[in-house]
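# Descriptive analysis of the structure
Below, each chain spelled out in residue letters.
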Amino acid sequence: MTAADRAPGVDLAREPDFQLGGLLVCPSACRVSGPQGEQRLERKVMEVLLSLALSGGATVSRDQLIDACWGGRIVSDDAVSRCISAIRRVAVAHGGFSVETVARVGYRLRVDEPAPRGGAAAVASRQTAPFPPFREPLLAVLAFDNLSDDPEMAFFSEGVSEEIQQTVARGADLTVIGRTSSFQFRGADKAAARIAKVLKATHVLDGSVRRSGTRVRISAQLVECSGETTLWSESFDRDLTDIFALQDEIAASVAAALKTAFAPTGLSEPIDPVAYDLYLAALRARENEFLVNPATLNSAIKLVEQATALAPRFAGAWAHLADLRRLDLRFGQIQPDAPTLPFAVRRAKVVDAAEMALSLDPGLGRVYQVLGSLAPFGEYLAREAIENKALSVSPNDPGVLHEASQFVADVGRIHEALGYVRRAHELDPMSVGAASWFASMLDAEGRYEESRPLWDRFRVLWPASDLVAWNAVASAASNADWLRFEDLVRAIRKDGMYNVPMRRLVWFGRNLRDPDQASMKAALEQSRDEIARSGSAPLDGLTSLYRLGFKDEVFDLID
């Protein structure tokens with residue numbers, strides 16, 4: 001019997017215990033037990049988990065879940081999404097299984113290994129087949145080559161490649177590596193065997209873009225890595241107004257070649273080519289550039305505002321505009337032509353863009369997180385509801401996973417944070433942000449023997465990264481590995497990376513090892529002077545003083 005065949009309502013009291021990966025599930029007690037201990041689940045969460053387990057690995061629609069778990073009553077989409085997010089947290093904490101979203105269809109439970117005999121047999125006997133071991137396709141979408149006569153069209157080619165990557169990731173029932181990693185492979189490095197080795201990809205989608213006026217030709221080929229065999233290739237000649245329909249067509253062809261499901265994104269209506277060009281031009285600048293150069297951020301905002309004015313139903317442009325406005329709001333980089341706008345007005349502009357994007361396309365997980373970032377820091381329940389929504393619609397987006405990891409770390413759920421960022425790092429292994437946060441969460445969980453070699457590896461991969469250098473030194477100091485601490489400091493001095501934040505960290509580390517009372521008291525007085533002068537003080541500075549022993553003094557300063 002499957003979840004779809006059951007009578008409305010799940011009777012947990014009559015359900016036998018069963019094994020799910022390495023997890024023992026006890027429906028009657030609403031309890032799971034696994035490597036990380038015992039955990040109780042809400043009744044509805046257990047009912048949804050059971051319904052998915054009884055499906056035998058088949059996809060279960062939202063309607064089927066509502067029939068089985070809510071007796072067919074009318075409930076909001078958030079009720080189902082909340083339960084799915086809770087189950088995913090269990091999967092992250094204990095491992096052994098995952099819940100996959102099948103776009104616009106429903107959910108599917110995947111188990112990493114066959115369930116052992118015993119308690120699981122009761123469930124397995126009611127399934128059409130036991131869960132098989134699963135080796136899912138892992139697709140790397142590369143930056144397509146620019147074949148246009150104008151070298152300046154390279155930005156257009158890369159932008160189209162990124163849009164295809166996102167379309168495949170959202171619409172097809174497969175896992176796609178993040179662009180930060182896959183777009184690093186150019187020229188001779190595009191060999192499928194190399195990408196399989198570095199990114200663990202099973203398949204590669206590559207191609208070329210040639211543009212002439214408002215006409216575009218895109219050639220694409222899907223290659224299976226192990227045998228370097230071309231599974232599918234085709235060329236498409238289209239007017240640029242049909243670019244979204246073309247992205248859907250390519251994604252559907254990839255899904256068909258891999259025999260996976262593809263759900264159209266619903267975004268394939270014609271678009272003004274000028275608006276699309278403006279949008280792609282804005283994508284050329286990335287967040288780290290915005291932080292270094294506020295003028296770049298202001299320019300990108302203006303480009304996307306023009307794009308949304310020309311194409312008011314362009315969901316991706318509204319989503320990008322919301323994110324850019326969030327950066328402007330967060331870092332205080334007010335646009336030169338509107339220097340007097342108050343904070344509340346600028347915040348409202350972020351909300352307006354985000355809500356417009358979601359009204360056009362509710363499947364934009366990162367946009368939910370834009371809205372969540374606007375909530376006051378202490379409103380944890382409201383922020384978590386938004387994070388869960390983002391994860392429910394974008395469960396394999398490395399950016400969404402990374403941000404969700406940072407949120408749960410903020411509230412002290414370090415093991416869960418490690419699970420999310422581990423997945424983000426797997427999907428985007430060349431992202432320095434995800435890699436650094438992954439190693440930091442290992443440190444936070446007390447797993448220094450695992451984090452230490454990672455910091456060494458990341459220092460080789462990103463020798464010029466201040467983020468990696470700072471965190472590697474902080475890791476050594478936090479774990480009192482003083483020989484390594486001094487070795488790292490010497491190497492960083494030699495590399496010319498001994499900047500102000502690094503000097504402060506080294507001062508903190510050396511005082512943590514050998515307290516210099518005069519130096520520490522001088523730092524305390526400096527914080528007092530700063531608070532007296534400005535009414536505020538850097539949180540990291542107060543945290544350092546607290547860890548150096550000035551506990552009462554720091555709380556007096558906070559008061």
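Residues numbered from 1 in each chain as written. Predicted model: local features only at pLDDT ≥ 70, side-chain atom pairs only at ≥ 80, totals over all residues. Heavy atoms only, no water.

## Digging into the pairing of strand 8 (residues 138–141)
Residues Leu138 and Ala140 of strand 8 are buried on one face, and the alternating residues Leu139 and Val141, pointing to the opposite face, are buried as well. Note that strand 8 and strand 10 (residues 175–176) share two bridges and pair parallel. Paired with Leu138 across the bridge in strand 10 is Thr175. (Buried < 20%, exposed > 50% of the residue type's maximum accessible area, 1.4 Å probe, protein only. Helix = DSSP H or I, 4+ residues; strand = E, 2+ residues; numbered from the N terminus. Pairing = 2+ DSSP bridges.)

## What about the sheet that holds strand 1 (residues 18–20)?
Paired through their backbone hydrogen bonds, the strands of a sheet run either parallel or antiparallel. As summarised here, the arrangement of the four strands in space is 1-2-3-4, forming an open sheet in which the pairing is antiparallel. The open sheet is flanked by strand 1 and strand 4 (37–40), the only strands paired with a single partner. Taken over all neighbouring pairs, the strand axes of this sheet differ in orientation by 25 degrees on average, direction set aside. Two strands pair when backbone bridges link them, and strand 3 (residues 31–34) and strand 4 are joined in this way by four bridges, in the antiparallel orientation. Within strand 4, the position partnered with Val32 by the bridge is Gln39. Its contacts with the sheet place helix 3 (residues 77–94) against strand 2 (23–26), strand 3 and strand 4, and it is angled at close to 175 degrees to strand 4. (Axes fitted to C-alpha atoms, helices over the stretch in contact; angles between N-to-C directions. Contact = heavy atoms within 4.5 Å.)

## Considerations on a nonpolar patch on the surface
Judged by side-chain polarity, Tyr546, Phe555 and Ile558 come together as a nonpolar surface patch covering roughly 310 Å² of accessible area. One can find Phe555 in helix 25 (residues 551–558). Phe555 gets classed as partly exposed once you look at its relative accessible area, which sits at 47%. (Patch = residues over 30% accessible without salt bridge, like charges linked within 9 Å, V, L, I, M, F, W, Y side chains within 5 Å. Areas by Shrake-Rupley, 256 points an atom, 1.4 Å probe, with all protein chains shown as cover. Salt bridge = Lys/Arg side-chain N within 4 Å of Asp/Glu carboxyl O.)

## Notes on the environment of Ala390
Topologically, Ala390 is positioned in helix 15 (residues 380–393). It is 6.9 Å that separates the C-alpha atoms of Ala390 and Val400, two residues lying ten residues apart in sequence. If sequence neighbours within four positions are ignored, Ala390 has contacts with Gly365, Tyr368, Gln369 and Val400.

## What about the nonpolar core?
If you look at the biggest cluster of nonpolar residues, it comprises 127 residues, and the most contacted ones within it are Leu139, Phe156, Leu205, Ile218, Ile250 and Tyr276. The element best represented in this core is helix 12 (residues 315–331), accounting for nine residues. Setting aside residues no more than four positions away along its own chain, Ile250 makes contact with Ile164, Leu205, Ile218, Trp232 and Phe236. Counting 36 residues, the second-largest nonpolar core is a separate cluster that includes Leu23, Ile66, Ile84 and Val111. (Core = buried A, V, L, I, M, F, W, Y, C linked by side-chain atoms within 4.5 Å.)

## Side note on the pattern of salt bridges
The full count for this structure, using the stated rule, is 36 salt bridges. A salt bridge links Arg179 to Glu158; the nearest nitrogen and oxygen atoms lie 3.5 Å apart. Of this pair, Arg179 sits in helix 6 (residues 179–182) while Glu158 is found in helix 5 (residues 154–171), placing the two residues 21 residues apart along the sequence. The class of Arg179 is buried, set by a relative accessible area of 18%. When the shortest N-O distance is used, the salt bridge between Glu525 and Arg528 registers 2.4 Å. Within this pair, Glu525 and its partner Arg528 are both found in helix 23 (residues 517–534), separated by three residues, close to a single helical turn. On the basis of relative accessibility, which here comes to 39%, the residue Glu525 falls in the partly exposed class. Judged by its relative accessible area of 32%, Arg528 falls in the partly exposed class. What emerges from the salt-bridge pattern is a single network uniting Arg89, Glu384, Arg413 and Glu416.

## A closer look at unusual backbone geometry
Although it is not a glycine, Glu228 adopts a positive phi angle of roughly 50 degrees. Note that Glu228 resides in the loop between strand 12 (215–224) and strand 13 (229–239). If you check the backbone angles, Ala480 has positive phi at about 55 degrees while not being a glycine. Relative to the helices and strands, Ala480 resides in the loop between helix 20 (466–478) and helix 21 (482–494). For Ala480, a relative accessible area of 46% corresponds to the partly exposed category.

## Some remarks on the pairing of strand 13
In this sheet, strand 13 lies alongside strand 12 in antiparallel orientation, the contact comprising ten bridges. Bridge pairing links Ile218 to Phe236 in strand 13. The hairpin turn running from strand 12 into strand 13, its antiparallel successor, is four residues long, and Glu228 in that turn takes a positive phi close to 50 degrees.

## With respect to the packing of aromatic side chains
According to the stated counting rule, one finds twelve aromatic pairs in the structure shown. Between the aromatic rings of Tyr279 and Phe314, the centroid separation amounts to 4.8 Å while the plane-to-plane angle is 65 degrees, which identifies the pairing as edge-to-face. With Tyr279 in helix 9 (residues 273–283) and Phe314 in the loop between helix 11 (294–310) and helix 12, this residue pair connects regions lying 35 residues apart in the sequence. Taking the ring centre of Phe156 as reference, the NZ or CZ of Arg211 above it sits at 4.6 Å. (Phe/Tyr/Trp six-rings, centres within 6.5 Å; stacked < 30°, edge-to-face > 60°. Lys NZ or Arg CZ within 6 Å of the ring centre and 35° of its normal.)

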